[in-house]
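Residues per chain, in single letters:
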Amino acid sequence: TNYNSKKGQQLDENSQVAMLFPWLPLERQIKITGTAEKISVEQSAKYFASRPRGSQLGAWISEQSDPLQSRKVLEALQDLSGKDVPMPKSWGGYKVVPTSIEFWQGRENRLHDRFRYDLSGANDWGITRLEP
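Residues numbered from 1 in each chain as written. Predicted model: local features only at pLDDT ≥ 70, side-chain atom pairs only at ≥ 80, totals over all residues. Heavy atoms only, no water.

Q: Requested: an account of the overall build of the protein chain, with residues and values cited.
A: When helices and strands are counted, the protein chain shows four helices and five strands. When the elements of the protein chain are put in sequence order from the N terminus, they spell out α-β-β-α-α-α-β-β-β. In terms of overall size, the protein chain is more extended than a compact globule, its C-alpha atoms giving a radius of gyration of 20 Å where 132 residues would be expected to give roughly 14 Å. Projected onto its principal axes, the C-alpha positions of the protein chain cover 60 × 35 × 25 Å. Of all 132 residues assigned to the protein chain, the portion counted as buried reaches 24%. Across the protein chain, every contact between residues at least 6 apart in sequence was considered, and the portion connecting residues at least 24 apart equals 52%. (Helix = DSSP H or I, 4+ residues; strand = E, 2+ residues; numbered from the N terminus. Rg over C-alpha atoms; globule rule 2.2 N^0.38 Å. Buried < 20%, exposed > 50% of the residue type's maximum accessible area, 1.4 Å probe, protein only. Contact = heavy atoms within 4.5 Å.)

Okay, here's the thing in structure tokens:
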């Protein structure tokens, strides 16, 4: 992502995050809470190099979420004449370091199964069964 984007600025102010992965047809979901941390420049560069050229160009020319005068301006900036696209200095990745992971399985009559794993030390996960 662009570290200068709204998302990047928000993560700089508060790195606490939550992710939800629902599988509605299966009545399942996983909720992960934790802390977002920037990955290394080397890891970001490796991932950036693996992306399609169009995505690299888009990251290079776009100031993500900033106002845009016109689409033509954006498209005109896309020509780097076949050269390698350098990773922008403001571009990089995040990883989520989980502190809790909740598994939910829907059941009849709202008698769902819910388990939460909470990190309570260095790789020490406690398991709690939760009320539906």
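Text resumes after the structure shown.
Q: Before we move on, could you go through the pattern of salt bridges and cite the residues and values that matter?
A: With the rule as written, the count across this model stands at four salt bridges. Across the pair Arg114 and Glu102 runs a salt bridge, and its minimum N-O distance is 2.8 Å. Here Glu102 lies in strand E3 (residues 94–105) and Arg114 lies in strand E4 (residues 113–119), a separation of twelve residues in the sequence. Arg107 is paired through a salt bridge with Asp113; the nearest N and O atoms lie 3.0 Å apart. Under the relative-accessibility criterion, Arg107 is labelled partly exposed at 42%. Classification of Asp113 by relative accessible area gives partly exposed; the value is 22%. When salt bridges that share partners are traced, they join Arg107, Asp113 and Arg129 into one network. (Salt bridge = Lys/Arg side-chain N within 4 Å of Asp/Glu carboxyl O.)

Q: Describe the environment of Thr99, with residues and values.
A: You can see Thr99 is positioned in strand E3. When its relative accessible area of 35% is taken as the criterion, Thr99 is described as partly exposed. Sequence separation between Thr99 and Thr35 is 64 residues, and the spatial gap between their C-alpha atoms is 7.6 Å.

Q: Any chance you could break down the side chain of Gln56 for me, citing the residues and the numbers?
A: Summarising the element assignment, Gln56 is placed in helix H3 (residues 53–61). Side-chain polar atoms of Gln56 contact the backbone oxygen of Arg51, separated by 3.4 Å. Apart from the residues within four sequence positions on either side, Gln56 is in contact with Phe48, Ala49, Arg51 and Val85. (Polar contact = N/O pair within 3.5 Å; in protein donor to acceptor, adjacent residues only side chain to side chain.)

Q: Lay out the packing of aromatic side chains with the relevant residues and their values.
A: The final tally for this structure, using the stated rule, is four aromatic pairs. Clustering of aromatic rings is evident, with ring pairs tying together Tyr47, Phe48 and Trp91. The cationic tip of Lys38 hangs over the ring face of Tyr3; the distance from NZ or CZ to the ring centre is 4.2 Å. (Phe/Tyr/Trp six-rings, centres within 6.5 Å; stacked < 30°, edge-to-face > 60°. Lys NZ or Arg CZ within 6 Å of the ring centre and 35° of its normal.)

Q: I'd like to hear about the side chain of Gln105, residue by residue, with values.
A: Locating Gln105 in the fold gives a position in strand E3. A distance of 3.3 Å separates the side chain of Gln105 from the backbone oxygen of Leu26, its partner in a polar contact. Setting aside residues no more than four positions away along its own chain, Gln105 makes contact with Leu26, Glu27, Arg28, His112 and Asp113.

Q: Can you explain unusual backbone geometry? Please cite residues and give values.
A: Phi at Glu27 takes a positive value of approximately 55 degrees, unusual for a residue other than glycine. Mapped onto the secondary structure, Glu27 falls in the loop between strand E1 (16–23) and strand E2 (28–38). For Glu27, a relative accessible area of 41% gives the class partly exposed. The phi dihedral of Asn123 falls on the positive side, at around 60 degrees, and the residue is not glycine. Position of Asn123 among the secondary structure elements: in the loop between E4 and strand E5 (125–130). Since its relative accessible area comes to 71%, Asn123 is described here as exposed.

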